[in-house]
Amino acid sequence: MKKLGFGTMRFPLLDPNDNTKVDLEQVKQMVDDYLAAGFTYFDTAYMYHTFKSECFVKEALVKRYPRESFILADKMPTMKLEKEGDQERFFEEQLEKCGVDYFDYYLVHCLDVENYAKAKKFDTFGYVSKLKEEGRVRKMGFSFHDTAEVLDEILCDHPEVDFVQIQLNYLDWENQSVQSRRCHEVCLKHKKPIIVMEPVKGGMLAKVPARVEELFAKVHPDWSAASWAIRFAASCENVFMVLSGMSDLAQLHDNMSYMSDFAPLTEEEKKLLEEAVKIIHEDIAVACTACRYCVDGCPQKIEIPKYFALYNALRTSDDPAALKKEYEELTKTNGKASDCIRCKKCMKACPQHIRIIAALKNVAEAFEQ
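Residues numbered from 1 in each chain as written. Predicted model: local features only at pLDDT ≥ 70, side-chain atom pairs only at ≥ 80, totals over all residues. Heavy atoms only, no water.

Quick word on the overall build of the chain
Stage number 1. Of the regular secondary structure elements, the chain holds 17 helices and eight strands.
Stage number 2. With the principal axes as the frame, the chain shows a C-alpha extent of 60 × 50 × 45 Å.
Stage number 3. Out of the 369 residues in the chain, the part that is buried amounts to 53%.
Stage number 4. Of the accessible surface of the chain, which amounts to about 16,400 Å², a share of 50% is contributed by carbon and sulfur atoms.
Stage number 5. Taken together, the 50 basic and 60 acidic charged side chains of the chain have centroids lying 3 Å from each other. (Helix = DSSP H or I, 4+ residues; strand = E, 2+ residues; numbered from the N terminus. Buried < 20%, exposed > 50% of the residue type's maximum accessible area, 1.4 Å probe, protein only. Areas by Shrake-Rupley, 256 points an atom, 1.4 Å probe, with all protein chains shown as cover. Lys, Arg positive; Asp, Glu negative; His and termini not counted. Charge placed at Lys NZ, Arg CZ, Asp CG, Glu CD.)

Digging into the side chain of S129
Stage number 1. With respect to the helices and strands, the residue S129 is situated in helix α6 (residues 124–133).
Stage number 2. Owing to a relative accessible area of 19%, S129 belongs among the buried residues under this scheme.
Stage number 3. Excluding residues that lie within four positions of it along the chain, S129 makes contacts with M140 and E160. (Contact = heavy atoms within 4.5 Å.)

Quick look at the packing of aromatic side chains
Stage number 1. The tally for this structure, following the rule as stated, stands at 25 aromatic pairs.
Stage number 2. A centroid spacing of 5.3 Å and a plane angle of 70 degrees characterise the contact between Y41 and Y105, whose relative ring orientation is edge-to-face. Taken together, the residues Y41 in strand β2 (residues 41–43) and Y105 in strand β4 (residues 103–111) connect sequence positions 64 residues apart.
Stage number 3. Residue Y105 is classed as buried on the basis of its relative accessible area of 8%.
Stage number 4. On the numbers, 4.6 Å between centres and 15 degrees between planes, the contact of F216 with W228 is stacked. You can see F216 sitting in helix α9 (residues 210–219) and its partner W228 sitting in helix α10 (residues 225–235), a full 12 residues away along the chain. Here the two residues F216 and W228 agree in accessibility, since each one is buried.
Stage number 5. Through a chain of ring-to-ring contacts, three or more aromatic side chains come together here, namely F6, F11, Y34, F39, F42, F56 and F70.
Stage number 6. The positively charged end of R89 is found above the aromatic ring belonging to F90, 4.5 Å away from the centroid.
Stage number 7. Sitting over the face of the ring of W223, R231 holds its NZ or CZ atom 3.6 Å from the ring centroid. (Phe/Tyr/Trp six-rings, centres within 6.5 Å; stacked < 30°, edge-to-face > 60°. Lys NZ or Arg CZ within 6 Å of the ring centre and 35° of its normal.)

Quick notes on helix α14 (residues 304–314)
Stage number 1. Within α14, the full set of buried residues consists of I304, P305, Y307, F308, L310, Y311 and N312.
Stage number 2. On the buried face of α14, the contacting elements are α12 (267–283), α13 (293–296), α15 (320–331), α16 (345–349) and α17 (356–367).

Digging into the packing of helix α5 (residues 113–121) against helix α7 (residues 148–157)
When two helices pack together, their arrangement is given by the angle between their axes and by how far apart the axes lie.
Stage number 1. Contact pair α5 / α7: the axes reach a minimum separation of 11 Å and the direction vectors enclose 15 degrees. Judged on the interaxial angle alone, α7 and α5 are roughly parallel. For the crossing formed where α5 meets α7, the hand is left-handed. Of the residues in α7, those touching α5 at V113, Y116 and K120 are V150, E153, I154 and D157. (Axes fitted to C-alpha atoms, helices over the stretch in contact; angles between N-to-C directions. Parallel < 35°, antiparallel > 145°, perpendicular 65-115°, else oblique. Left-handed = near helix turned anticlockwise from the far one by under 90°.)

Regarding the pattern of salt bridges
Stage number 1. Per the stated rule, a full pass over the model turns up 26 salt bridges.
Stage number 2. With its nearest N and O atoms 3.0 Å apart, the salt bridge here joins D32 to R64. Placement of D32 in helix α1 (residues 24–36) and of R64 in the loop between α3 (53–62) and β3 (71–76) is noted, with a sequence separation of 32 residues between them.
Stage number 3. Of the charged contacts in the structure, one is a salt bridge between E267 and K270, with a shortest N-O distance of 3.6 Å. (Salt bridge = Lys/Arg side-chain N within 4 Å of Asp/Glu carboxyl O.)

Considerations on the pairing of β3
Stage number 1. Judged by how many residues are buried, β3 sits mostly within the fold: six of six residues are covered.
Stage number 2. Relative to β3, β2 is paired through three bridges, and the arrangement is parallel. Looking at β3, one finds that Y41 is bridged to I71.
Stage number 3. Of the pairings in the sheet, the one linking β3 to β4 comprises four bridges and is parallel in character. Bridging across to β4, K75 finds its partner in L107. (Pairing = 2+ DSSP bridges.)

Focus: the packing of α7 against helix α8 (residues 180–189)
Stage number 1. Two numbers describe how α7 lies on α8: the axes approach to 9 Å, and their chain directions differ by 20 degrees. Here α7 lies roughly parallel to α8, going by the angle between them. In this structure, the crossing between α7 and α8 has a hand that is right-handed. Counted together, A148, E149, L151, D152 and L155 of α7 and R182, C183, V186, C187 and K189 of α8 form the full contact between these two elements.

Some details on the pairing of strand β8 (residues 239–244)
Stage number 1. Burial within β8 is extensive, with five of its six residues counted as buried.
Stage number 2. Strand direction decides the pairing type here: strand β1 (residues 4–7) and β8, joined by three bridges, are parallel. Considered in β8, the bridge of L4 is made with V242.
Stage number 3. Direction of pairing for strand β7 (residues 194–197) relative to β8: parallel, over a ladder of three bridges. Its bridge partner being in β8, I194 is matched across the sheet by V239.

A word on the nonpolar core
Stage number 1. Formed by 105 residues in total, the largest nonpolar core has its most connected members in Y34, F125, F142, L151, Y170 and F216.
Stage number 2. No other element matches α10, which puts eight residues into this core.
Stage number 3. For F216, the residues in contact, after removing those within four places along its chain, are Y170, V208, P221, A225, W228, L272, L273 and A276.
Stage number 4. Within the second largest apolar cluster, 25 residues are counted, among which are C294, Y327, I356 and L360. (Core = buried A, V, L, I, M, F, W, Y, C linked by side-chain atoms within 4.5 Å.)

Looking at α17
Stage number 1. For α17, which comprises 12 residues, the first-to-last C-alpha distance of 16 Å matches the rise-based estimate of 16 Å (1.5 Å per residue) to within 8%.
Stage number 2. Buried residues along α17 sit in contact with α13, α14, α15 and α16. (Expected span 1.5 Å × (residues − 1).)

Structure follows, in structure tokens:
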């Protein structure tokens, strides 16, 4: 397989304020171009696009191409498990929504300490192993968002898994919360093939500060910022797939241009990324990837990722008034940052372990004074 995977968390939208209104015609063209270039791996999940991503995959891919012409990954929504029988219900629903009778890759979704406890309670690994025995799942693994110690515990408990999906990018390589480097080392220790998610950190590494753009341009003026991030992830040992949540044809074609015939980064290029990290940390206040897991359960309907994006932009903007106006427009139909009631549902859902409540207080101070 070529190393570029098509992530289906960030399809192009017809309405930027409605995550379920996807530009399906553009998605179909993206699927066509991706497959025509020899790429095959698609990754979806129950929760993506407000529980509609699997349906869009069915329309844009499954209905239009022979099943053997593509590889499809899906995930058991561990965070949604509440009672016996939920696993069977979710899996059958996922097969129906995707329009398939098996998944090539199937993951226990978003494991951290809390979700791993749920997986143990419902014997999720045992259930997926049974699906694999039945041929309804070809390879089993899990996606992971916690410390290297927790990852080591899971892999010691479940040596039967075929692969692991971790968040890995050059900004999080030494991050104390995400621990990309340390988690990568744990996977190597257990000899598990690696799928990378968030290589561009929710688009953050595709739109880097101007000083980083200048740094990159001095070495490779023809490389996009996103290409540096995806190349870094794909260069790591034992990584066999790098997922990219491509949001339009331009992003797709950019990614394919250097992943069709992938060449790893040199040591000099990796050193340059260390300089980029220092600059980015100076310019970015909240390292949010806009996965939106925090939004779905917010009782105040606060548009947390969009507010964080505006807050980040405020630090380097030449037009803060325009950003404040955009914030005011968003609050007409959504809760304000100051409406937070500190229920902590968002923080439990956040794969990045962001101190969301404190960050929202900063947003309120910046935009509501």
